[in-house]
Amino acid sequence: MTDPKKDMSEEIETEIDEIIDITSEEALEGPDEDDVMAELEQLRAERDEFRDRFMRAVADAENSRKRADRDRREAENYGGSKLARDMLPVFDNMKRAVDTITEEQREQQAALIEGIELTMRELLNVFGKHGIQIIAPEVGDKFDPNQHEAMFEAPVPNTKAGDIIQVMNVGFMIHDRLLRPAQVGVSSTPA
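Residues numbered from 1 in each chain as written. Predicted model: local features only at pLDDT ≥ 70, side-chain atom pairs only at ≥ 80, totals over all residues. Heavy atoms only, no water.

### Describing the packing of helix α3 (residues 81-99) against helix α5 (residues 110-129)
- Across the interface, α3 lies against α5 with an axial gap of 10 Å and an inter-helix angle of 145°. Judged by the sense of rotation from one axis to the other, the crossing of α3 with α5 is left-handed. Here Met87, Leu88, Val90, Phe91, Met94, Lys95 and Val98 of α3 come into contact with α5, specifically with Ile116, Glu117, Thr119, Met120, Leu123, Leu124 and Phe127.
- Looking at the contact of α3 with α5 residue by residue, the class counts come to 11 nonpolar, 1 polar and 2 charged. (Axes fitted to C-alpha atoms, helices over the stretch in contact; angles between N-to-C directions. Helix = DSSP H or I, 4+ residues; strand = E, 2+ residues; numbered from the N terminus. Left-handed = near helix turned anticlockwise from the far one by under 90°. Contact = heavy atoms within 4.5 Å. Nonpolar A, V, L, I, M, F, W, Y, C, P; charged D, E, K, R; others polar.)

### Quick notes on the sheet that holds strand β2 (residues 148-154)
- Taken together, 3 strands build an open sheet; the order of strands is β2-β6-β3 and the sheet is mixed. Pairing within the sheet leaves two strands with one partner each, and these edge strands are β2 and β3 (164-169). Neighbouring strand axes in the sheet, compared pairwise and without regard to direction, differ in orientation by 25° on average.
- Of the strand pairs in this sheet, β2 and strand β6 (residues 182-187) are connected by 6 bridges, and their pairing is parallel. Residue pairing across strands places His148 opposite Ala182, the latter belonging to β6. (Pairing = 2+ DSSP bridges.)

### Focus: the environment of Thr189
- Note that Thr189 resides in the segment after β6.
- Under the relative-accessibility criterion, Thr189 is labelled buried at 16%.
- As for Thr189 and Val156, which are separated by 33 residues in sequence, their C-alpha atoms are 6.0 Å apart.
- With near-sequence residues (within four places) excluded, Thr189 lies in contact with Ala154, Pro155, Val156, Pro157, Thr159, Lys160 and Ala161. (Buried < 20%, exposed > 50% of the residue type's maximum accessible area, 1.4 Å probe, protein only.)

### So, α3
- Spanning 19 residues, α3 covers 26 Å between terminal C-alpha atoms, matching the ideal 27 Å at 1.5 Å per step.
- Ser81, Ala84, Leu88, Phe91, Asp92, Met94 and Val98 are the residues of α3 that are buried. (Expected span 1.5 Å × (residues − 1).)

### Overview of the side chain of Asp163
- Tracing the backbone shows Asp163 in the loop between β2 and β3.
- Polar contacts involving the side chain of Asp163 include one to the main-chain amide nitrogen of Lys160, which spans 3.0 Å.
- Asp163 has contacts with Gly140, Asp141, Lys142, Gly185, Val186 and Ser187, leaving out every residue within four places of it along the chain. (Polar contact = N/O pair within 3.5 Å; in protein donor to acceptor, adjacent residues only side chain to side chain.)

### Structural notes on the nonpolar core
- With 14 residues, the main nonpolar core has Phe91, Phe127, Ile132, Phe172 and Leu179 as its most contacted residues.
- Put simply, the parts of the chain that give this core at least two residues each are α3, α5 and β4 (171-174).
- It is α3 that provides the largest number of residues to this core, a total of 5 residues.
- Apart from residues no more than four positions distant in its own chain, Ile132 is found in contact with Ala84, Phe127, Phe172, Met173, Ile174 and Leu179.
- Among the nonpolar cores identified, the runner-up in size contains 6 residues, and Ile135, Ala182, Val184 and Val186 belong to it. (Core = buried A, V, L, I, M, F, W, Y, C linked by side-chain atoms within 4.5 Å.)

### Quick look at a negative patch on the surface
- The grouping of Glu10, Glu11, Glu13, Glu15, Asp17 and Glu18 at the surface amounts to a negative patch.
- With respect to the helices and strands, Glu18 occurs in helix α1 (residues 4-29). (Patch = residues over 30% accessible without salt bridge, like charges linked within 9 Å, V, L, I, M, F, W, Y side chains within 5 Å. Areas by Shrake-Rupley, 256 points an atom, 1.4 Å probe, with all protein chains shown as cover. Salt bridge = Lys/Arg side-chain N within 4 Å of Asp/Glu carboxyl O. Lys, Arg positive; Asp, Glu negative; His and termini not counted. Charge placed at Lys NZ, Arg CZ, Asp CG, Glu CD.)

### Describing the confidence of the model for the chain
- Per-residue pLDDT for the chain has a mean of 87; in total, 88% of the residues score no lower than 70.
- Ranking the elements of the chain by mean pLDDT puts α1 last with 64 and β4 first with 95. (pLDDT = per-residue confidence, 0-100.)

### Some points on the sheet that holds β4
- Spatial ordering of the open sheet is given by β1-β4-β5, a layout of 3 strands whose pairing is antiparallel. Only two strands of the sheet have a single partner each, and these edge strands are β1 (132-135) and β5 (177-180). Strand after strand, the sheet turns through a mean of 35° between neighbouring axes, direction not considered.
- Here 3 bridges tie β4 to β5, and the two strands are oriented antiparallel to one another. The residue of β5 that forms the bridge with Met173 is Leu178.
- Seen against the sheet, α3 touches β1, β4 and β5 and runs at an angle of roughly 45° to β5.

See below:
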């Protein structure tokens, strides 16, 4: 007589052996090569996409930093341009007042005139502290359209076309930008 337990045990062992054999064969075969290559290509594409995103993000951050730095420098250098432009007529009026003082008035009102001249010098010092420089062309200088504004043209003997023949108002620069051009008269004498 056969033992049913033993038969069943042998049958289970046989089935287990078959499962192990099938699993071993599949393990030896491995996944399909095409599937592996497709998955590898997909991972490479993802990697490239993430690298591209990262590089763009780094470039955007660098551009933003540079733009903020440039904006900060411009605000420091040119933020006061409007106030400076509004102060130029004050300078012009003080200069005109000083230029019209006669020697007699200078003797009679020495303290007042000295006060006006000191105030004008202090205004120029403040301008200088903030990068505002005077453009003061001289008669005979060449007309420069980047710094001068021609108020009139006139033929003047012994001059060349484009020579400054009169200075009506000085100009001003704030750092490297023109705040106000110097107002000048220009010779139109043909060469």
